[in-house]
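Architecture and fold: a report
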Amino acid sequence: MTDLLQQLNDVQRKAVQTTSGPVMVLAGAGSGKTRVITYRIAYLIEHERVAPHQILALTFTNKAAREMRDRIDDLLYPGSTRGLWIGTFHSIFARLLRNYIHLIGYTSNFSIYDADDSKSLIKQVMKELGISTDSVPVNTVQGIISRAKNSFIMPAEFQRDASDYNQQKAAKVYEVYARKLRENNALDFDDLLIKPLELFDKSPELLESLQDYFRYILIDEYQDTNRAQYLVAKRLAAKHRNIFVVGDDAQSIYSWRGADITNILNFQDDYQDTAVFKLVENYRSTRTILRAANGVISRNRRQIEKELVSHRDDGEPLFLLESFNEKREADKVGEHIQSLKMLHGYDYRQMAVFYRTNAQSRVMEDVLRIHRIPYRIFGSVSFYKRKEIKDAVAYLRFIVNDQDSESLLRIINFPPRKIGQASIVKLREYADARGVSLYEAIRNAPDGGFQTRLLNALKGFVSMIEQLKMIAEEGTVYDVLSNLYELSGITSLLQAENTPESLTRYENLQELLSMARDFSDHNQGANGLNEFLNDISLATDYDETPESENYVSLMTVHAAKGLEFPVVFITGLEEKLFPLNCYEPEELEEERRLFYVALTRAEERLFLSWSKSRYHYGQPQVCMRSSFVDEIDSEIVMTEGGRSLSDAPLRQRDDGGGYAGRFNGRPAVPEAVRGRGGSAPAASSESDGLRKGVRVHHAMFGPGEVLSVQGRGEQRKARIRFRTAGEKTLMVQYAKLNIVS
DNA sequence: CTGCGCACCGCACGT
DNA sequence: CGGTGCGCAG
């Protein structure tokens, strides 16, 4: 263990060793955040002799949780993390709820509805309430309800406070939607976070026993917690106050799903005796890349002051690609990937292409395929969102929880068994009249005076379900799934169809089956099916680890958080795409943080790319270059013409050993600022004409007058009085001031 | 009841 | 452009 501590720098080591009381670690990008969490857990187990089950570590992705667990196992010994509670907020609380949710009127076999399930339920409720989706879009209603839930506002309260038209409509839907979830014995994703709070209110004894059980609480990516997550963590930690949070306000990019940046900004208000550690030493990126990132993020007003310090060389300049349309953009990216591989020995796995929206991936994909570049897309159309998988999962859910009428409706006539819409409407009326679940009504249908043809169809369905329920009680998940494929006729239907599409679907179902087999091999418990459904419901396509095979990674910037690559391409750098439509200044700041996340993923080489036109909804649109490009010191950005973006004379011509040598007959990146990067502007900045009394113009603050100038080189600062924004001190190298007079 | 074709509408980002 | 939902014919 002493060895372990030696692998940390001073600040990291203190953060690891401060084991009691509230601790906040502000960890800049690439500063060893994951290292601190994993070493701390290892330290608690090994040095402080804390039992692993007393430690609760909460992350935002399954992948992060899995990686941390593996790393701790590596640090200590295999199996050392047995009993450790490490996982996403959602999966950990789903597990807890399985044990205690009976206290608030659900049963432990509850279904978990994902965003799509929830959307269709909301749509259905709107229909019932006669709220046209033309007047209020479903997405809007879903968003309003989700935000209300994340803020822990219950339907009654929300209805009282609903202000505008949309909110009033949504409030009505919220109430019915919540009731239906309960009737279905189902929870949506937001419920997984707020039901624990209801549980704590209902049973203070339970809360206290959990407080004693989870002696040590650690939270990763704290800047991305929403109100419900904040509250649940706060209450769990209230007794022993061993709460350790790690985050970076500069990387807060999830406010749209309720993340509240004030949680991290105000942590010290909640815990007055917080020990705060700032990790600012970056081990990941070149100085040039960090200079770009620091320059960009410093334009945000609302942040905790910190600037990353590089531990690496200056490295290469950034490279700006400008294309005629998005197809050409993708071409250029492909060409650069090939030349980086050929001329600089990079592997495909060391390179990543980022974009703002998933829709952009298609063109990139097509072009990379033509270039015969192996690639892998993360996210996009998730395996779990495919129709055949959702159908199979609906069957499983329903077998576990026959109150789940949503899942029932999905499978009752798939494959087609002659139970049509009209029959279903009748059955629902029958169920509602008797106050029973839809399935209960179906089982009692023989008493309901329905047509014989329908009764026969229903009888066949019920006997299949009951048979599968029996298998579920005795057999493994694999048994249930394989039998359900057979009995339902799903697989024979797909085989009979015999088209390329049906073949793909068949293969997907086989893939699910092999996942079930794998699960059954590793989980012997009686509640296997429930656990399997938990995993499936909360799994995403983002959980896979890049770099396992040799391909280029394609992903959204959001998906890239937490990852790093030697070479990064940021594409689609256009106004209204990245940054995407921003109406409020705060939205622009979040986009800027997102751009910052993208920049700081790169270790060695960073390409910024934009296209002058792009298809949008099938319509070609003229695009303007993203203002974010202008926020990077132009001297460290090279254009394809081989000049710096500032068009300043280059300090050093390409000597042939530079980046790509020649590229498409044109000079590629000259190594212009190599070896000078950080200090290059220092030489020129002293003669930049900036002195007291000079009139300047700043992109954001507008016109102003220089009051004083201090420092030199990178440290050179100017005190300026702006006509509207007041007095400010700015770093000259980043401020990009234009001298007016 | 089922399958097909057409019209319409929307693209963030993801647990 | 791509997915979805609705209306109509069989």
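If you're wondering where the values come from, they're calculated on a predicted model, not measured in any experiment.

Details of the UniProt feature "binding site: ATP" (unreviewed entry) in chain A
In this structure's numbering, the residues bearing the UniProt feature "binding site: ATP" (unreviewed entry) are Ala27, Gly28, Ala29, Gly30, Ser31, Gly32, Lys33 and Thr34. Locating Ala27 in the fold gives a position in strand β1 (residues 23-27). In contact with Ala27, other than residues within four places in its own chain, are Lys33, Val246, Gly247, Asp248, Gln251 and Leu279. Position of Gly30 relative to the elements: it lies in the loop between β1 and α3 (33-46). Look past the residues within four positions of Gly30 in its chain and what remains in contact with it is Glu281, Asn282, Tyr283 and Arg284.

Topic: the protein's contact with DNA strand C
Taken together, Lys123, Lys127, Arg362, Tyr617 and Gly618 make up the full set of residues adjacent to DNA strand C. At 2.6 Å from a phosphate oxygen of DNA strand C is found a side-chain nitrogen or oxygen belonging to Lys123. Taking Arg362, its side chain carries an N or O atom lying 3.5 Å from a phosphate oxygen of DNA strand C.

Comments concerning the sheet that holds strand β12 (residues 351-355)
Overall, parallel pairing links the seven strands, which are arranged β13-β14-β12-β15-β16-β11-β19 in an open sheet. Edge positions in the open sheet fall to β13 (375-377) and β19 (637-638), since each of these has one partner strand only. Of the strand pairs in this sheet, β12 and strand β15 (residues 565-570) are connected by four bridges, and their pairing is parallel. Residue pairing for β15: Phe354 is matched across the bridge by Ile570. Of the strands in this sheet, β11 (318-323), β12, β14 (552-556), β15 and β16 (602-611) touch helix α16 (residues 326-344), which is tilted by about 155° from β16. Packed on one face of the sheet, helix α28 (residues 585-599) meets β12, β15 and β16 and runs near 130° to β16.

Each value, and the rule that gives it
Residues numbered from 1 in each chain as written. Chains lettered and ligands numbered in written order. Predicted model: local features only at pLDDT ≥ 70, side-chain atom pairs only at ≥ 80, totals over all residues. Heavy atoms only, no water. UniProt positions renumbered as here; feature names shortened; annotations may be inferred. Helix = DSSP H or I, 4+ residues; strand = E, 2+ residues; numbered from the N terminus. Contact = heavy atoms within 4.5 Å. Near = heavy atom within 4 Å. Polar contact = N/O pair within 3.5 Å; in protein donor to acceptor, adjacent residues only side chain to side chain. Pairing = 2+ DSSP bridges. Axes fitted to C-alpha atoms, helices over the stretch in contact; angles between N-to-C directions.

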